[in-house]
Amino acid sequence: MKVYGGIRFGGTITIEDAFDKLGFDHIAIAAGAGTPTIVRMKNNLIRGIRKASDFLMALQLTGAFKKSSMANLQVRLPAVVIGGGLTAIDTATELFAYYPVQVSKILERYEELVAQTLLSWGRRTDRSVCPTLARRLDKEELLILDEFLEHGRAIRARTGRRAATTGEQPNFIPLVRSWGGVTIAYRKSLQDSPAYRLNHEEVIKAFEEGIAYAESLSPVEAVPDEFGHVKSLLFEKQIVEDGRWKDSGQVVDLPARSVMVAAGTSPNVIYEKEHPGTFKLDKWKQFFQAYAVSVERTGALACRITTDRRGACPPT
Ligand SMILES: Cc1cc2nc3c(=O)[nH]c(=O)nc-3n(C[C@H](O)[C@H](O)[C@H](O)COP(=O)(O)OP(=O)(O)OC[C@H]3O[C@@H](n4cnc5c(N)ncnc54)[C@H](O)[C@@H]3O)c2cc1C
């Protein structure tokens, strides 16, 4: 087997190149399912809102959770994760765990900066933001820094006390919750959610780690603050009538300074979009058309189009 990097299927190499020029007989497409679903919500892209996959990749790839990392992955509380799948659970628990790390790092760096370069202000780092530094920040940045420093000090106080007395890992859940915590907002009930149906143990663990869950909420609008950053989310409460989920007309307002959207992804069908007519897509033009093969009574194989998007063969 040979592996070549830096090759983009559809760009560097087309199907014609592979078959006609390079002598390949077979192509297997394993290009993933990374296209995030965009939820229909007013002010969908204001500051503070990002896709869950973007947050998780930024967290893992930049190593933002490491003390040594200078990554600027900023999250604020309260945080809301929209979605009901395992990505929502993952995002919520990672966010919950990352927040204390983030504010502790900010506090340490801030103190270092003040100690090394802003000596004129002295060592009064227990007070609000140093005036020399404050002059370089705008109103919003100052507000956020103040918030992070206060939270960083609270985390440090808890870490110090615990480590000194018992040596146990400190429990940050009450603190993170007192700052608004992390809530998963799902449009149906918990039992309906893919996360619960696929892996209820992971949901239980998320609750143990301090995550809150708000059921039957469908996002409608992100409300910006005076700086254009998200401050809350409006949801429409969903109800079940005649066995179907529908809007109730009741609007629920959840405070949210970070919003992560984990509303699912679609398969990567970009080749067909860039080279139309190459592949057959399903009727929604979202997935590759799935086919099911069955064995006829005669023993011959029959292939027919299926609407089963998982590509599973329906029972014959
Ligand atoms: C939040 C999250 C948590 C998960 N946790 C787990 C877990 O704990 N355990 C587990 O088993 N699974 C987990 N999964 C699922 C797992 O990540 C996926 O099932 C797996 O990565 C799918 O592999 P893949 O090769 O099909 O696609 P991908 O991993 O998406 O790989 C596709 C590759 O194709 C490349 N590509 C795309 N387009 C082109 C092109 N045109 N030309 C060339 N290359 C291209 C992409 O750059 C990418 O490298 C998780 C998924 C998510 C989102």
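Residues numbered from 1 in each chain as written. Predicted model: local features only at pLDDT ≥ 70, side-chain atom pairs only at ≥ 80, totals over all residues. Heavy atoms only, no water.

(A) Local environment of the overall build of the protein. Summing up its helical and strand segments, the protein has 8 helices and 12 strands in all. For the protein, the C-alpha radius of gyration of 25 Å lies well beyond 20 Å, the compact-globule estimate for 316 residues. Summarising its shape, the C-alpha atoms of the protein cover approximately 85 × 55 × 45 Å along the three principal directions. When each of the 316 residues of the protein is scored for burial, the buried share is 39%. Within the structure as shown, the protein displays about 19,100 Å² of accessible surface, and the carbon and sulfur contribution to it stands at 54%. Computing the positive centroid from 42 side-chain charges and the negative centroid from 37, the protein places the two 2 Å apart. (Helix = DSSP H or I, 4+ residues; strand = E, 2+ residues; numbered from the N terminus. Rg over C-alpha atoms; globule rule 2.2 N^0.38 Å. Buried < 20%, exposed > 50% of the residue type's maximum accessible area, 1.4 Å probe, protein only. Areas by Shrake-Rupley, 256 points an atom, 1.4 Å probe, with all protein chains shown as cover. Lys, Arg positive; Asp, Glu negative; His and termini not counted. Charge placed at Lys NZ, Arg CZ, Asp CG, Glu CD.)

(B) Structural context of the sheet that holds strand 2 (residues 49–51). Taken together, the 5 strands give an open sheet; going across it, the order is 2-9-3-4-5, and neighbouring strands pair in parallel fashion. The strands lining the two open edges of the sheet, one partner per strand, are strand 2 and strand 5 (212–214). Between one strand axis and the next, the sheet turns through 25° on average, direction left out of account. Relative to strand 9 (residues 258–261), strand 3 (residues 79–82) runs parallel, the two being bridged by 4 bridges. Its bridge partner being in strand 9, I82 is matched across the sheet by V261. (Pairing = 2+ DSSP bridges. Axes fitted to C-alpha atoms, helices over the stretch in contact; angles between N-to-C directions.)

(C) Local environment of the site of the ligand. The local shell around the ligand consists of I7, R8, F9, A30, A31, G32, L56, T87, D90 and N268. N268 places a polar side-chain atom, nitrogen or oxygen, 3.0 Å from a nitrogen atom of the ligand. Its free accessible area being 1,000 Å², the ligand has 30% of it covered by the protein chains. The class makeup of the residues in the shell around the ligand is 5 nonpolar, 3 polar and 2 charged. (Near = heavy atom within 4 Å. Polar contact = N/O pair within 3.5 Å; in protein donor to acceptor, adjacent residues only side chain to side chain. Nonpolar A, V, L, I, M, F, W, Y, C, P; charged D, E, K, R; others polar.)

(D) Region of interest: the sheet that holds strand 8 (residues 244–255). Strand order in the open sheet made by the 3 strands is 6-7-8, with antiparallel pairing throughout. Of all the strands in the sheet, the pair left with one neighbour each is strand 6 (217–224) and strand 8. Neighbour-to-neighbour, the strand axes of the sheet open up by a mean angle of 20°, direction not taken into account.

(E) The pairing of strand 8, seen in detail. Alignment of strand 7 (residues 230–241) against strand 8, held across 9 bridges, turns out to be antiparallel. Bridge pairing in strand 8 links Q238 to D247.

(F) Layout of the side chain of Q238. Examined against the element boundaries, Q238 turns out to sit in strand 7. On the basis of relative accessibility, which here comes to 9%, the residue Q238 falls in the buried class. Here the side chain of Q238 touches D247 through a polar contact of 2.9 Å, side chain to side chain. Apart from the residues within four sequence positions on either side, Q238 is in contact with R187, S216, S218, W245, K246 and D247. (Contact = heavy atoms within 4.5 Å.)

It is worth stressing that arrangement in space is one thing and function is another; only the former is reported here.
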